Amino acid sequence: MQVSVETTSNIERRMTIGVPAQEIDQAVQKRLQETARTVRMNGFRPGKVPYKVVKRRFGESVRQEVVGEVMRDSYVKALEEKDVSPAGWPRFEPKTMEEGKDLEFVAIFEVLPEIELGDLSKIEVEKMTAEVTDKDIDKMIDNLRRQQATMKEVKRKSKNKDTVTIDFKGYVDGEVFEGGEAQDHRLELGSGQMIPGFEKGIVGAKTGEDIEIEVTFPEDYHSEDLKGKPAKFEISVKKVEEPQLPELNEEFFQRFGIEADSEEAFREEVKKNMERELKQAMSAKVKNDVVDGLLETTEVEIPQALIDQEIDRLRNDAVQRFGGQMDPQQLPKEIFQDQAARRVKTGLLFQEIVKANDLKADDEKVDEKIREIASTYEQPEEVVTHFSSNPEQKAQIESVVLEEAVVDFVLDQAKVKEKKAKYDDVIQAAQQQQG
C-alpha cells in the first residue's frame, strides 16, 4: 500500500492511497466464491452455480462492495502509518477503480487545528458579587405564592398585579396593524408582557370601561414596520381579577418539595436554594466572560466536521425538549450553526489550556462538587454513593471541575473587575447570556 499526505490548509489534508490490483482481485474472487456456494438461481442446484455465471451476474456489485471496504480499511491503516488524527470521517474520491489496475483513491479530511493561545492578560472579566437579602427572600416567596394564587373578580379600579381580561385594537398611522387586535386577552398588569406604557395605561380602569391609550413601540421591537412608531390602542376592559394568595402553611410548603413546619424554616430553605442559584449564576457569568475573552484573543480555525457533530447534538436536544415527535434532521442546521461553532471553539481552547498547563481535576473539588449536588436531594448520602461508585457519572463531574480549573487559570492572568450587584441583577445577567 502506498500512502502520501498533502496539506491543503491549516486543517485540511488530502491523503492519496494506492492498493495493488492483486489485493482487490483476490478479495473480489473470494467474495464471489462465497456467493456461488449460497446463491439460488433458476436452472442450477444450490451450491452448483458456475463461478463464471456468478461473476457475470454479481461481479460488478461485489467489486463495488469490496472496493468500498478496502478504501475504508486502507484509510484506517494509512492513518496509523502516518500518525494522523482526523477530526471526522473523510470524503473519498476514487481516481482509478478499473478491474486489473491498482486501486488509487484520495481521502479528504480535516484534522484538529494547532492552537497558539493569545495574550490572556488582555481578557477583561466582570465578576458580579451579590448576597441574598431578606428583601430578596420576601420577593421570592411572594412570587411563589402568586404562582399558586386563585383569581377573584373585583369591581374596583385595576392596579398592578391584577389580571384584566380585555379586547383591544391597535392603530399605527390610522390603520390597524397586523397582530394588533385581540379579544378576551388575559393580562397581568405590571408583568411587562406588553410594550412599555400599555399596561400602565390600563391601571385605574374598571370593568366595563372603554379607554384609549397612546404608546410608542421600542426602537428594538422585533417588527421592522413598527420600530419606534407611535400607536393608539382602543381597549375594552371586560373583567378585573385580583390574586388570592395562599397561606404560608405546611400544605403550601410541600407544593415546592420543602418539608417545613414553620414560616421561618421555609424561609431558610428558600434562602439556601436562592444562594445555590446565585452561586451558579455568578459562576456562569464569569465563565461566559472568560469564553468571550478567549475567543476574542485567540484565532481558531475549526473543522466543519466537529461543527456538524455538535449541530446534530443540538438538534437532538431540541427535539427532546419539545417532546421528541420529529426527526432531528428536519431542523435547519443554520439555526444551530453559531451556537455549535462557539461550543466547538470553546472546547478546543479549553483542551489546549488543559494540555499546555497540565491541569487536572482536583479530587477534593470533585468530592465537594458531588456533595453540593447531593445536598439538593432528600437522601444526599445515597446520591454521593451513586456518583462515587459510577465511573461515567463521576467522569462528568470531573469534566465540570476541570472546566472550572481552566476558568480559574484564565482569571489568574486576566483583568478582573469586581462589581457589587443585587440578586436579581446577577440572575438576569446570567439568563441573558444563556439566551
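None of the values given here were measured: they were computed from a predicted structure.

**Brief notes about the overall build of the protein**
When helices and strands are tallied, the protein shows 12 helices and 11 strands. Here the protein has a C-alpha radius of gyration of 33 Å; the compact-globule value for 435 residues is 22 Å, and the former is much larger. Principal axes of the C-alpha set define a box for the protein whose edges measure 95 × 55 × 45 Å. The burial tally for the protein puts 35% of its 435 residues in the buried class. A fraction of 67% describes how many contacts in the protein between residues 6 or more apart in sequence connect residues 24 or more apart. On the protein, roughly 27,500 Å² of surface is accessible, and the fraction owed to carbon and sulfur atoms is 44%. Across the protein, the 66 positively charged side chains and the 92 negatively charged ones have centroids separated by 5 Å.

**Considerations on a negative patch on the surface**
Among the surface-exposed residues, D362, D363, E364, D367, E368 and E398 lie close enough to one another that they form a single negatively charged patch. Broken down by element, the residue count for the negative patch peaks at 4 residues, all from helix 9 (residues 363-374). Inspection of the secondary structure puts E398 in helix 11 (residues 391-413).

**Regarding the packing of helix 10 (residues 380-389) against helix 11**
Across the interface, helix 10 lies against helix 11 with an axial gap of 5 Å and an inter-helix angle of 95°. Taken together, the axes of helix 10 and helix 11 are roughly perpendicular relative to one another. Along its contact with helix 10, which presents H386, F387, S388 and S389, the element helix 11 presents P391, Q393, K394 and I397. Across the contact of helix 10 with helix 11, the residue classes tally to 3 nonpolar, 4 polar and 1 charged.

**Some words on helix 8 (residues 334-357)**
With 24 residues, helix 8 extends 35 Å from end C-alpha to end C-alpha; this agrees with the ideal 34 Å at 1.5 Å per step. Three or more residues of helix 8 are buried, namely F336, A340, A341, V344, T346, L348, L349, F350, E352, I353 and V354. On its buried face, helix 8 sits against helix 6 (263-297), helix 7 (304-321) and helix 11. Backbone geometry just after helix 8 places D358 at a positive phi near 50°.

**So, the nonpolar core**
One finds V290 and L294 to be the most contacted residues of the largest nonpolar core, which totals 33 residues. For this core, the secondary structure elements donating two or more residues are helix 6, helix 7, helix 8 and helix 11. The leading source of residues in this core is helix 8, at 9 residues. Once residues within four sequence positions are removed from consideration, V290 is found in contact with V125, V407, V410 and L411. Counting residues in hydrophobic clusters, the runner-up holds 27 residues, among them L32, V39, V84 and V111.

**Quick look at the packing of aromatic side chains**
Tallied over the full model, the rule gives 15 aromatic pairs. Pairing W89 with F92 gives two aromatic rings, centres 6.2 Å apart and planes at 80°, and the pair type is edge-to-face. The rings of F168, F177, F198, F217, Y221 and F233 are connected pair by pair, giving a single aromatic cluster. Directly above the aromatic system of Y171 lies the positively charged group of K232, at a separation of 5.5 Å from the ring centroid.

**Digging into the pairing of strand 4 (residues 103-110)**
Counting buried positions along strand 4 yields 7 of 8 residues, so the element is predominantly enclosed. Bridge analysis of strand 2 (residues 12-19) against strand 4 gives 8 bridges, and the strand direction is antiparallel. Across the sheet, V19 pairs through a bridge with L103, a residue of strand 4. Sheet analysis places strand 3 (residues 91-96) next to strand 4, joined by 5 bridges and oriented antiparallel. The partner of F92 across the bridge, within strand 4, is A107. Here strand 3 folds back onto strand 4 in antiparallel fashion, the turn holding 6 residues, of which G100 has a positive phi close to 90°.

**Section: the sheet that holds strand 2**
Here we have 4 strands laid out as an open sheet, ordered 1-2-4-3, and antiparallel in their pairing. Here the strands that pair on one side only, and so sit at the sheet edges, are strand 1 (2-7) and strand 3. This sheet shows a mean twist of 20° between the axes of neighbouring strands, independent of strand direction.

**Focus: the pattern of salt bridges**
Here the structure, examined in full by the defined rule, presents 31 salt bridges. A salt bridge links R31 to E65, with the nearest nitrogen and oxygen atoms 2.4 Å apart. Here R31, found in helix 1 (residues 21-38), pairs with E65, found in helix 2 (residues 51-82); they are 34 residues apart in sequence, far enough to count as distant. Taking relative accessible area as the criterion, R31 reaches 22% and is therefore assigned partly exposed. Across the salt bridge formed by K369 and E404, the nearest N and O atoms sit 2.7 Å from each other.

**Focus on the environment of R342**
Residue placement: R342 occurs in helix 8. Given a relative accessible area of 30%, R342 falls into the partly exposed group. For the pair formed by R342 and D292, sequence separation is 50 residues and the distance between their alpha carbons is 9.5 Å. A distance of 2.9 Å separates polar atoms of two side chains, one belonging to R342 and the other to D292.

Parameters and conventions
Residues numbered from 1 in each chain as written. Predicted model: local features only at pLDDT ≥ 70, side-chain atom pairs only at ≥ 80, totals over all residues. Heavy atoms only, no water. Helix = DSSP H or I, 4+ residues; strand = E, 2+ residues; numbered from the N terminus. Rg over C-alpha atoms; globule rule 2.2 N^0.38 Å. Buried < 20%, exposed > 50% of the residue type's maximum accessible area, 1.4 Å probe, protein only. Contact = heavy atoms within 4.5 Å. Areas by Shrake-Rupley, 256 points an atom, 1.4 Å probe, with all protein chains shown as cover. Lys, Arg positive; Asp, Glu negative; His and termini not counted. Charge placed at Lys NZ, Arg CZ, Asp CG, Glu CD. Patch = residues over 30% accessible without salt bridge, like charges linked within 9 Å, V, L, I, M, F, W, Y side chains within 5 Å. Salt bridge = Lys/Arg side-chain N within 4 Å of Asp/Glu carboxyl O. Axes fitted to C-alpha atoms, helices over the stretch in contact; angles between N-to-C directions. Parallel < 35°, antiparallel > 145°, perpendicular 65-115°, else oblique. Nonpolar A, V, L, I, M, F, W, Y, C, P; charged D, E, K, R; others polar. Expected span 1.5 Å × (residues − 1). Core = buried A, V, L, I, M, F, W, Y, C linked by side-chain atoms within 4.5 Å. Phe/Tyr/Trp six-rings, centres within 6.5 Å; stacked < 30°, edge-to-face > 60°. Lys NZ or Arg CZ within 6 Å of the ring centre and 35° of its normal. Pairing = 2+ DSSP bridges. Polar contact = N/O pair within 3.5 Å; in protein donor to acceptor, adjacent residues only side chain to side chain.

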